[in-house]
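Listed here are the chains, written in short residue letters.
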Amino acid sequence: MIREVIIGFVLALLVFLGLDGVDIWPIVLLLGLGGAIYASGIFNRLGTRTVRKVQVSQVTTSFQDIGGQNMAKNELKEALEFILKPDVISRLGIRPLKGILLTGVPGTGKTLLAKAAAHYTESVFLSASGSEFVEMYAGVGAQRVRQLFQEARNMARKESKSSAIIFIDEIEVMAGRRGSNQSHLEYDQTLNQLLVEMDGMPVHDDDVRILVMAATNRVDLLDQALMRPGRFDRLVSVDLPDREGRLSILKLHTRNKPLDVDADLEAIARETFGFSGAHLESVCNEAAILAMREESETIGTKHLRQAVDKVMLGERMDRTLRVDDIKRVSIHESGHALIGELVAPGSVSSVTIAPRGMALGFVRHAPDDDRLLQTVSELKADIQVLLGGSTAERMILGERSTGAANDFEKAWDIARQMVFSGISSLGVIKEEALSQDLLYQTLRDIITEQQDIVDALIMEHREKLLRLADTLLEHETLSGDQVRSLVAS
Ligand code: ATP
């Protein structure tokens, strides 16, 4: 508003001076130059840039909008008591919490939790990213930290709130170990300022209580001073959701979408082990887009499954393969699917020869339950499934192709995992004491043993494999149930 009034006033002055016979062109030139510099954002970079602000009235995310993460939510609620019950805290002489650090892989809901914390405590919410404090000009980052805390206090007072939550995402960018960064002076000053602000936060008086919440997925990079009691002394780990968590996230993100009455969200939750909340949100969104493309009124399990594939592997490709290649891919994928069903019955969720992303075809496996620990026989079975594709190619088509390179790499990784977990024939070993030759030989033995098993299985079930491959060629995609009925017949 003020800017508009000033611009209007300057224009009127110029017109007046022009009419009065004054040469206004030098003034116009100077003003133009000033405007260009302002627009280029140099001032912003010199430290006047403000952080993103979200006022409390705009924070509508509550703990109910976050699926799963029950442990993180409970820990957080417990920690937030000091904002909700300042009298009790002060009566008992408890040192209130100043900082909470949320750790976990990207997309697990750390930002959502911070917003929900602001909603829960009716606090003013300000958020910034660690990278916003990092500049090449010394002192700018520290100045921004000061501004941020000042702004939190001002906003809370303006809104008549007694508390403010400052959320700093990617805190490792500004709070890495001091002295470890090349332009360390600037980084160190920024971190020092953050520590100063946190130390200086009022504890028991009636002024605005500030809680700093920060998120990182690299807690190992943080300066130890940050974790000292009295600073970020509560660490809440925000893990990838388990099956129940995935189901509730899927329910949350489909609540405003027209789902088929028999859409099987439980199956989707089972098949999405390792997905974060952000992945699951994307699955729901992609499923709706697929339903729209098909002009379907509702979203079904089929759309959700295709969306899982898309999120996992990328968009379906229109690339046309040679007939021979399509046949080879169908034999290869049938080999994986057949071995999958033989060594772990019920584990195949779908198999397709529709190319997506880098994959020309793929089998999706959905174990009964999330697997957090694996036994020797499970790991060996995984290697057998990986070898199934190339073995099928060799035994049916006479030779193998480059299509199995990735399978072999994964098989070696699993074998390596067995060796270093102490569950190979070498027993418990010390990595540094193991010679490369012995390691290689042991890995080879593990792979060869599984290869012999897979050869025997494919020889025995050759007819089933051919039937599976033909049906796959015909239908392009088969569900787990279709695979099972073909393998059982
Ligand atoms: P990053 O580390 O990349 O900043 P983050 O952990 O802060 O990620 P958010 O930004 O909170 O993740 O989540 C991204 C999106 O993923 C959210 O907007 C939401 O749509 C979805 N999401 C993530 N976790 C959950 C969850 N537990 N419940 C519901 N939605 C979730």
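It should be emphasised that the depicted structure is a prediction, and the values quoted were computed from it without experimental measurement. (Residues numbered from 1 in each chain as written. Predicted model: local features only at pLDDT ≥ 70, side-chain atom pairs only at ≥ 80, totals over all residues. Heavy atoms only, no water.)

Looking now at the overall build of the protein chain. A tally of helices and strands in the protein chain yields 19 helices and 9 strands. Looking at the protein chain as a whole, 44% of its 489 residues qualify as buried. Residue pairs in contact within the protein chain that sit at least 24 positions apart in sequence constitute 76% of those at least 6 positions apart. In the structure as shown, the protein chain presents an accessible area of about 25800 Å², 55% of it carried by carbon and sulfur atoms. (Helix = DSSP H or I, 4+ residues; strand = E, 2+ residues; numbered from the N terminus. Buried < 20%, exposed > 50% of the residue type's maximum accessible area, 1.4 Å probe, protein only. Contact = heavy atoms within 4.5 Å. Areas by Shrake-Rupley, 256 points an atom, 1.4 Å probe, with all protein chains shown as cover.)

This next bit is on the layout of surface pockets. In this structure, the largest pocket occupies an estimated 1600 Å³ of space. If you trace the largest pocket, you find 46 residues lining it, with V363, H365, L386, D407 and K410 closest to the centre. Of all elements in the fold, only helix 11 (265-271), helix 13 (301-313), helix 14 (323-343), strand 8 (362-365), helix 15 (376-397) and helix 16 (405-420) reach the threshold of two or more residues within the lining of the largest pocket. Residues of the lining of the largest pocket, tallied by class, amount to 20 nonpolar, 14 polar and 12 charged. (1 Å grid on protein atoms, 1.4 Å probe; cavity = no way out; pocket = protein on both sides within 12 Å on 5 of 7 lines; lining within 4 Å. Points joined across faces, edges and corners; volume = space filled by probe spheres on them. Nonpolar A, V, L, I, M, F, W, Y, C, P; charged D, E, K, R; others polar.)

Turning our attention to helix 4 (residues 70-79). For helix 4, every residue scored as buried is listed here: A72, K73, L76 and A79. Taken down its axis, helix 4 places every buried residue within 130° of arc, on the same side. Within helix 4, the exposed residues directed more than 90 degrees away from the buried face are N70, M71, N74 and E78. (Arc of directions from axis to C-beta.)

So, on to the site of the ligand. Surveying the vicinity of the ligand reveals 17 residues, the closest of which are G67, G107, K110, T111 and H253. One nitrogen or oxygen atom from the main chain of G107 is found 2.9 Å from an oxygen atom belonging to the ligand. Here L112 contributes a backbone N or O atom positioned 3.1 Å from an oxygen atom of the ligand. Here the ligand has 630 Å² of accessible area as a free molecule, and 78% of this is covered by the chains. Looking at the shell around the ligand, the elements with two or more residues in it are helix 7 (110-121), helix 10 (243-254) and helix 12 (277-293). Each residue belonging to the shell around the ligand can be placed in one class, and the counts come to 5 nonpolar, 8 polar and 4 charged. (Near = heavy atom within 4 Å. Polar contact = N/O pair within 3.5 Å; in protein donor to acceptor, adjacent residues only side chain to side chain.)

All right, on to the environment of M227 then. Inspection of the secondary structure assignment puts M227 in the loop between strand 5 (209-216) and strand 6 (234-237). Distance in space between the C-alpha atoms of M227 and G99 is 9.0 Å, their sequence separation being 128 residues. Once residues within four sequence positions are removed from consideration, M227 is found in contact with L101, V219, L222, F232 and L235.

The subject of this paragraph is a negative patch on the surface. Where like charges cluster on the molecular surface, the negative patch consists of D242, E244, D262, D264 and E266. Within the element layout of this structure, E266 appears in helix 11. With a relative accessible area of 54%, E266 lands in the exposed category. (Patch = residues over 30% accessible without salt bridge, like charges linked within 9 Å, V, L, I, M, F, W, Y side chains within 5 Å. Salt bridge = Lys/Arg side-chain N within 4 Å of Asp/Glu carboxyl O. Lys, Arg positive; Asp, Glu negative; His and termini not counted. Charge placed at Lys NZ, Arg CZ, Asp CG, Glu CD.)

A few words now on the confidence of the model for the protein chain. Predicted confidence across the protein chain gives a mean pLDDT of 86, with 89% of residues reaching 70 or more. Scored below 50 in pLDDT, residues 41-50 makes 24 contacts in the model with residues more than four places away or belonging to other chains. (pLDDT = per-residue confidence, 0-100.)

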